[in-house]
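Chain by chain, the residues run as shown.
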Amino acid sequence: MKMCILIKDLNFEAIIGILPEERQKPQKINISAKIKYRYKDSKDYLDYARVANTIIECVQTKQYGLLEEALNDIAATCFKTFKKIKTLTLYIEKPDILQHCKVGMRAKFRRKNNGFTFMFAISRD
C-alpha cells in the first residue's frame, strides 16, 4: 500500500545564501518534507528519523549558495540513500533572513529508473 511520511518544521542552523553575511554565520533553516513510498509490512518501512537526520547532515555539510541547489541536492541524497522513496516534496525556509517575512521554496521530485526527475518548484503557499 502507498504511505506518506510527513516531516514538518525540521529546524537547525546551516550556511545557505549568497550574501556575505550568509556565508559567514549559520542561520536558522526550516525544512519540511512529504515522502511517498510503498509499505508492505512492519519489516518493510521507511525510517523517518533516518530521513530527517540525513537531510540535516546533507544541508549542514555542503553550505549551499542557493535554495535551489539545496533542494536538488537533498532530493538526490534522499533518493540515493532511501530506495523506497517514490516521490519527495521539499519545503525550505529561511525565517530570519528578512525582518518582515519568511522566505522559502518548494520543489517536488519523482524517482525515475536512472535517478530522479524534477517535477515543479513553487514558492511556499
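Parameters at a glance
- Residues numbered from 1 in each chain as written.
- Predicted model: local features only at pLDDT ≥ 70, side-chain atom pairs only at ≥ 80, totals over all residues.
- Heavy atoms only, no water.
- Helix = DSSP H or I, 4+ residues; strand = E, 2+ residues; numbered from the N terminus.
- Rg over C-alpha atoms; globule rule 2.2 N^0.38 Å.
- Buried < 20%, exposed > 50% of the residue type's maximum accessible area, 1.4 Å probe, protein only.
- Contact = heavy atoms within 4.5 Å.
- Areas by Shrake-Rupley, 256 points an atom, 1.4 Å probe, with all protein chains shown as cover.
- Lys, Arg positive; Asp, Glu negative; His and termini not counted.
- Charge placed at Lys NZ, Arg CZ, Asp CG, Glu CD.
- Patch = residues over 30% accessible without salt bridge, like charges linked within 9 Å, V, L, I, M, F, W, Y side chains within 5 Å.
- Salt bridge = Lys/Arg side-chain N within 4 Å of Asp/Glu carboxyl O.
- Core = buried A, V, L, I, M, F, W, Y, C linked by side-chain atoms within 4.5 Å.

Visitor: Whenever I open this one, the overall build of the chain confuses me. Can you help?
Guide: For the chain, the count of helices and strands is three helices and five strands. Taking 2.2 N^0.38 as the reference for a compact globule, 125 residues should give roughly 14 Å; the C-alpha atoms of the chain span a radius of gyration of 15 Å, in line with that estimate. The principal-axis extent of the C-alpha atoms belonging to the chain is close to 45 × 25 × 25 Å. Every one of the 125 residues in the chain was classed for burial, and the buried ones make up 41%. The long-range fraction of contacts in the chain, counting pairs at least 24 apart against all pairs at least 6 apart in sequence, stands at 56%. When the accessible surface of the chain is summed, it comes to about 7,700 Å², and 50% of that surface belongs to carbon and sulfur atoms. Placing the 24 positive and 14 negative side-chain charges of the chain at their respective mean positions leaves the two points 10 Å apart.

Visitor: What exactly am I supposed to notice about a positive patch on the surface here?
Guide: On the surface, a cluster of positive charge is contributed by Lys 2, Lys 34, Lys 36, Arg 38, Lys 86, Arg 110 and Lys 112. For the positive patch, the elements supplying multiple residues, two or more each, are β2 (27-38) and β4 (101-112). Among the elements that take part in the positive patch, β2 stands out by supplying three residues, more than any other. Within the secondary structure, Lys 2 is located in strand β1 (residues 2-14).

Visitor: What's the story with unusual backbone geometry in this structure? I'm lost.
Guide: With the exception of glycine, the majority of residues adopt a negative phi angle, and the majority of peptide bonds are in the trans configuration. The phi angle at Asp 9 is positive, at roughly 55 degrees, despite the residue not being glycine. Along the chain, Asp 9 turns up in strand β1. In the Ramachandran plot, Gln 63 falls in the positive-phi region, its phi being about 55 degrees despite a non-glycine side chain. Looking at the secondary structure, you find Gln 63 in the loop between α2 (48-62) and α3 (67-81).

Visitor: Sorry if this is basic, but what is going on with a nonpolar patch on the surface here?
Guide: Together, Ile 18, Leu 19 and Leu 66 line one region of the surface with nonpolar side chains, adding up to about 270 Å² of accessible area. Along the chain, the position of Leu 66 falls in the loop between α2 and α3.

Visitor: Whenever I open this one, the nonpolar core confuses me. Can you help?
Guide: One broad rule of soluble globular proteins: the nonpolar side chains tend to lie buried together. Formed by 34 residues in total, the largest nonpolar core has its most connected members in Ile 35, Leu 88 and Ile 92. Contributing elements (two or more residues each) for this core: β1, β2, α2, α3, β3 (85-98) and β4. It is α3 that contributes the most residues to this core, seven residues altogether. In this view, Ile 92 contacts Ile 16, Ile 29, Asn 30, Ile 31, Leu 67, Ala 70, Leu 71, Val 103, Gly 104 and Met 105; residues no more than four positions away in its chain are not counted.

As far as function goes, none of this settles anything; it's purely spatial.
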